[in-house]
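One-letter residues, chain by chain:
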Amino acid sequence: MSKAKLPIYDYDVIIIGGGPAGYTAGIYAARAGLKALLVEGASTVSQITITDMIENYPGIPEGINGFDLMQLFKNQAVKFGLETLAADVSSIKKNDPDAVIWEISAGDKTVRALSIIAATGAQWRKLGVPGEEEFAGRGVSYCATCDGPFYRDKDVVVVGGGDTAIQEALFLTHFARKVTVVHRRDRLRAADILQKRAAAQKKIEYVWKANLAEIVGKELVTAVKLKDVESGKISELSAEGVFIFVGRLPQTEIFRNVLKLDSAGYIITDDNMHTSAAGIFAAGDCRAKQFRQVVTAAGDGANTIYSAELYIAALKGESY
């Protein structure tokens, strides 16, 4: 097949997002000889970088903290020749709907590419209760790894019942005098091994069938108000720190008018990571899927590049 003549472009693929999905895509793109750029947010960080311990990533049985793992990903990608840019993407568009070139604005740069990998991840969900915004950074946190040392010998509350909530509650026992887990159900969703570890930890207590209703204090947090999900009764619990882990929100706002999203805002893809727009593929926590882990994000990243390679080869008239 003869090579196609394409408009001027800067990169074969631009990867948006600097987490496990993005950097895995970067490794595979660079090794495949694609001209690739990874844009990681200047004002946001991948959630993995604030994870204290990852012990279920294959090949690292002793465990590793999220920041160090991402440095390994990044160093490997850069070694293979991946270009990186620290900037927030402000727009993604085509000047002509029928054109094949995507134009991305990031910081003070505008670059053009044949394809895009959306790997923007997700951020922690907020509850929106009174006091949450007011005491953010003054007793309210979404990262035990970041803020746990500030609560040495203090009583803290963890809201949530999933893997992250229990992992962070366990981490907080290294510092806090008491960790009270507040969960809206009468049992946890966390993995069995985490539940067993928490049950064996004397510093961890539970308040079941309760929702966080309000965070109270003066200059700093002094207590939380809890609402019983059955009776509606409000009780108050003394606490100097509140750690909230109740799920994630996908960071997909820049794709809202570009791609089809599901009702929760996640990017809809097929099994090969194709989105609703030709030339854009999605990987990792921003994609609508059942299970979100480092290993599944990495797998998504590899798959996106294979699909992008086939797409780019067809555009260039280089398909087998």
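Above this text is the structure in question.
In short, a report on the structure.

The rules behind these values
- Residues numbered from 1 in each chain as written.
- Predicted model: local features only at pLDDT ≥ 70, side-chain atom pairs only at ≥ 80, totals over all residues.
- Heavy atoms only, no water.
- Pairing = 2+ DSSP bridges.
- Helix = DSSP H or I, 4+ residues; strand = E, 2+ residues; numbered from the N terminus.
- Contact = heavy atoms within 4.5 Å.
- Axes fitted to C-alpha atoms, helices over the stretch in contact; angles between N-to-C directions.
- Phe/Tyr/Trp six-rings, centres within 6.5 Å; stacked < 30°, edge-to-face > 60°.
- Buried < 20%, exposed > 50% of the residue type's maximum accessible area, 1.4 Å probe, protein only.
- Lys NZ or Arg CZ within 6 Å of the ring centre and 35° of its normal.
- Expected span 1.5 Å × (residues − 1).
- Salt bridge = Lys/Arg side-chain N within 4 Å of Asp/Glu carboxyl O.

Concerning the sheet that holds strand β11 (residues 204–207)
Pairing in this open sheet of five strands is parallel, and the strands run β8-β15-β9-β10-β11 from one edge to the other. With partners counted over all chains shown, the strands left at the sheet margins are β8 (140–141) and β11, one partner each. Across five bridges, strand β9 (residues 155–159) lies against strand β10 (residues 178–182) in parallel orientation. Residue pairing across strands places D155 opposite K178, the latter belonging to β10. In the packing of helix α4 (residues 163–172) onto the sheet, contacts are made with β9, β10, β11 and β15 (241–244), and the angle to β9 comes to roughly 170°.

Topic: the packing of aromatic side chains
Taken as a whole and assessed by the stated rule, the structure comprises six aromatic pairs. Seen in terms of ring centroids, F171 and F175 are 5.4 Å apart; in terms of plane orientation they differ by 65°. Their pairing is edge-to-face. As far as the burial class goes, F171 and F175 line up, both buried. Note that R31 overlies the ring of F80, its terminal NZ or CZ placed 5.6 Å from the centroid.

Notes on the environment of L82
With respect to the helices and strands, the residue L82 is situated in the loop between α2 (66–79) and β3 (83–86). Using a relative accessible area of 5% as the deciding quantity, one classes L82 as buried. Taking the C-alpha atoms as reference, L82 lies 7.2 Å from I27; in sequence the two are 55 residues apart. Setting aside anything within four residues of it in sequence, one finds L82 in contact with I15, Y23, G26, A30, A36, L37, L38 and A77.

Let's talk about helix α1 (residues 20–31)
Taking 1.5 Å of rise per residue, the twelve residues of α1 would be expected to cover 16 Å, and the 16 Å separating its terminal C-alpha atoms lies within 8% of that figure. Counting buried residues in α1 gives ten out of twelve residues, a clear majority hidden from the surface. Along α1, the positions that sit buried rather than exposed are P20, A21, G22, Y23, T24, A25, G26, I27, A29 and A30. Buried residues along α1 sit in contact with β1 (11–16), β2 (36–40), α2, β3, β6 (109–118) and α6 (294–316). G33 occupies a position one or two residues after α1 and carries a positive phi of about 85°.

Re the pattern of salt bridges
Inspection of every chain in the model, using the stated rule, returns 15 salt bridges. Residues K74 and E40 are paired through a salt bridge, measuring 3.1 Å at the closest nitrogen-oxygen approach. Placement of the pair is K74 in helix α2 and E40 in strand β2, with a sequence separation of 34 residues. For K74, a relative accessible area of 26% corresponds to the partly exposed category. Between E103 and K93 there is a salt bridge whose closest N-O contact spans 3.9 Å. Residue E103 is located in strand β5 (residues 102–106), and its partner K93 is located in strand β4 (residues 89–93); the two are separated by ten residues in the primary sequence. Residue E103 is classed as buried on the basis of its relative accessible area of 14%. Residue class for K93 comes out partly exposed when judged on its relative accessible area of 39%. Shared partners join several salt bridges into a network, and the residues in it are K93, E103 and R112.

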